Amino acid sequence: MEKKIRKAILPAGGLGTRFLPATKASPKEMLPIVDKPMIQYAIEEARACGIEEFIIITGKYKRAIEDHFDSAFELEENLKRTGKKRLLEEISRLNHLNFAYIRQKAAIGLGHAIHCAKPFVKDEPFAVLLSDDIIDPDTVLLQHMINLYKEFNSPILALQQVPIPDINKYGVIEGIREKGNVYRINNLVEKPRLTDAPSDMAIIGRYILTPDIFEILEGIGPGKGGEIQLTDALCGLLKKRPIYGYLFTGKRYDAGDKIGYLKATIDLSLKNSQVSEQLKKYIIEVAARLKN
Ligand code: G1P
């Protein structure tokens, strides 16, 4: 029988090398987009889908993530005293959620990070959210994947078509269309060479997985880049059960990359009533300047 998705794993143990020097001593996941750290967007996305427990896989220099999701007594008291009600609400909104932190001893791959969560997940299906993939908060992706999990009782991966020159940055699938935007997957390759890509459908950072993935993760060795790859484990799981992909056509930003991060910052600022009008004016000004 299918079970409710109550838990989410958020790997955050990576080194964030694409943002050096900013990430030398602070977590990439804490880089702000408008006024919230990147990882908070993923937490709020999962929360909106009824996820109750958040398992964050951390590493060295990642302590700020724990502090961010903890209550902040002194700050809260100060905001109360000074009558800053809106800010108080904003910083305490997530206080009631349950967080668990597991320290990944070495950044040796996404598959390894997921495996670290095994004692907390036990025998339940769970969601995985990679926080540097920012999904437009006005679209519904994760909820859709949860519904598909209920329908197929199988792991569901989020997919997006990407331009072929970018395909070697992703796990790539080969699949047959089952219905609408749903594909039954028959092969997966982690970061293929451009000429070896089985399709232009890339896995993006949202997964609904079943606990049988842990056993497979235990049995696989290092893959692409010498890391324990989740994609390789999914390839192993495919021999035992069907896996489906949901082709997402909405907006997603690779905020782990400088240009994706800047695009996310601009688009999400344009959705933020505090800054959107002024930013719009400024963008028009900049566009005019660049034309001349
Ligand atoms: C990871 C996965 C890859 C997936 C990507 C999505 O790669 O290994 O399969 O396509 O996330 O963002 P990373 O971006 O960590 O190199």
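Residues numbered from 1 in each chain as written. Predicted model: local features only at pLDDT ≥ 70, side-chain atom pairs only at ≥ 80, totals over all residues. Heavy atoms only, no water.

Novice: Can you help me understand the overall build of the protein chain in this one?
Specialist: For the protein chain, the count of helices and strands is 11 helices and 13 strands. Relative to the 2.2 N^0.38 estimate, which gives 19 Å for 292 residues, the radius of gyration of the protein chain is 20 Å and therefore close to what a compact globule would have. For the protein chain, the spread of C-alpha atoms along the principal axes amounts to about 60 × 50 × 35 Å. Here the protein chain holds 292 residues, and 47% of them are scored as buried. Carbon and sulfur atoms make up 53% of the accessible area of the protein chain, which totals about 15100 Å². Seen as two clouds, the 43 positive and the 38 negative side-chain charges of the protein chain have centres 2 Å apart. (Helix = DSSP H or I, 4+ residues; strand = E, 2+ residues; numbered from the N terminus. Rg over C-alpha atoms; globule rule 2.2 N^0.38 Å. Buried < 20%, exposed > 50% of the residue type's maximum accessible area, 1.4 Å probe, protein only. Areas by Shrake-Rupley, 256 points an atom, 1.4 Å probe, with all protein chains shown as cover. Lys, Arg positive; Asp, Glu negative; His and termini not counted. Charge placed at Lys NZ, Arg CZ, Asp CG, Glu CD.)

Novice: Explain unusual backbone geometry to me, please; I cannot follow it from the model alone.
Specialist: Both trends apply: most residues other than glycine have a negative phi, and most peptide bonds are in trans. The omega angle of the peptide bond from L20 to P21 is 5°, so this bond is cis rather than trans. Even without a glycine there, the phi angle at N153 is positive, about 50°. Here the phi dihedral of K191 falls at roughly 40°; this positive angle occurs in a residue that is not glycine. Along the chain, K191 falls in the loop between β10 (182-190) and β11 (201-209). For K191, a relative accessible area of 31% gives the class partly exposed.

Novice: Just checking my understanding: could you explain the site of the ligand for this structure?
Specialist: In the vicinity of the ligand, the contacting residues are L110, L130, D133, Y170, G171, E190, K191, I203, G205, Y207, Q229 and T231. E190 is positioned with one of its side-chain polar atoms (N or O) 2.7 Å from an oxygen atom of the ligand. Separating an oxygen atom of the ligand from a side-chain N or O atom of T231 is a distance of 3.2 Å. Compared with its free state, where it exposes 380 Å², the ligand has 78% of that area covered by protein. No other element matches β11, which puts 3 residues into the shell around the ligand. Looking at the shell around the ligand residue by residue, the class counts come to 5 nonpolar, 4 polar and 3 charged. (Near = heavy atom within 4 Å. Polar contact = N/O pair within 3.5 Å; in protein donor to acceptor, adjacent residues only side chain to side chain. Nonpolar A, V, L, I, M, F, W, Y, C, P; charged D, E, K, R; others polar.)

Novice: Even after reading the chapter, I still don't get the side chain of Q229, so can you show me in this structure?
Specialist: With respect to the helices, strands and loops of the structure, Q229 is situated in the loop between α8 (212-219) and α9 (230-237). A distance of 2.8 Å separates the side chain of Q229 from the backbone oxygen of K224, its partner in a polar contact. Setting aside residues no more than four positions away along its own chain, Q229 makes contact with G111, E190, I220, G223 and K224. (Contact = heavy atoms within 4.5 Å.)

Novice: Can you help me understand the side chain of K36 in this one?
Specialist: By the secondary structure assignment, K36 is in strand β3 (residues 36-37). A distance of 2.8 Å separates polar atoms of two side chains, one belonging to K36 and the other to E44. Ignoring anything within four residues of it in the chain, the contact list for K36 reads L31, Y41, E44 and E90.

Novice: Please explain the packing of α8 against α9 as it appears in this structure.
Specialist: Think of two packed helices as two axes; the pair is described by the angle between the axes and how far apart they sit. At their nearest, the axes of α8 and α9 sit 9 Å apart, and the two run at 115° to each other. Here α8 is positioned roughly perpendicular relative to α9, judged by the angle of their axes. Every pair of crossing elements has a handedness; the one defined by α8 and α9 is right-handed. Contact residues: D212, I213, I216 and L217 in α8; L230, A233, L234, G236 and L237 in α9. (Axes fitted to C-alpha atoms, helices over the stretch in contact; angles between N-to-C directions. Parallel < 35°, antiparallel > 145°, perpendicular 65-115°, else oblique. Left-handed = near helix turned anticlockwise from the far one by under 90°.)

Novice: Please clarify how the pattern of salt bridges should be interpreted in this entry.
Specialist: It is possible for side chains of opposite charge to pair when their charged atoms get near one another. Using the criterion set out here, one finds 24 salt bridges in the structure. E52 is paired through a salt bridge with K4; the nearest N and O atoms lie 3.7 Å apart. Here E52, found in the loop between α1 (38-47) and β4 (53-58), pairs with K4, found in the segment before β1 (7-11); they are 48 residues apart in sequence, far enough to count as distant. The exposure class assigned to E52 is partly exposed, which follows from its relative accessible area of 32%. You can call K4 partly exposed: its relative accessible area is 48%. R6 serves as the salt-bridge partner of E52, at 3.5 Å between the closest nitrogen and oxygen. One end of the pair, E52, is in the loop between α1 and β4; the other, R6, is in the segment before β1, and 46 residues separate them in sequence. Among the charged side chains, a network of salt bridges with common partners joins K4, R6, K7, E52, E53 and E124. (Salt bridge = Lys/Arg side-chain N within 4 Å of Asp/Glu carboxyl O.)

Novice: Could you clarify how one ought to interpret the environment of L194 in this entry?
Specialist: Summarising the element assignment, L194 is placed in the loop between β10 and β11. For L194, a relative accessible area of 41% corresponds to the partly exposed category. Sequence separation between L194 and E52 is 142 residues; the distance between their C-alpha atoms is 40 Å. If sequence neighbours within four positions are ignored, L194 has contacts with I164, P165, I167 and N168.

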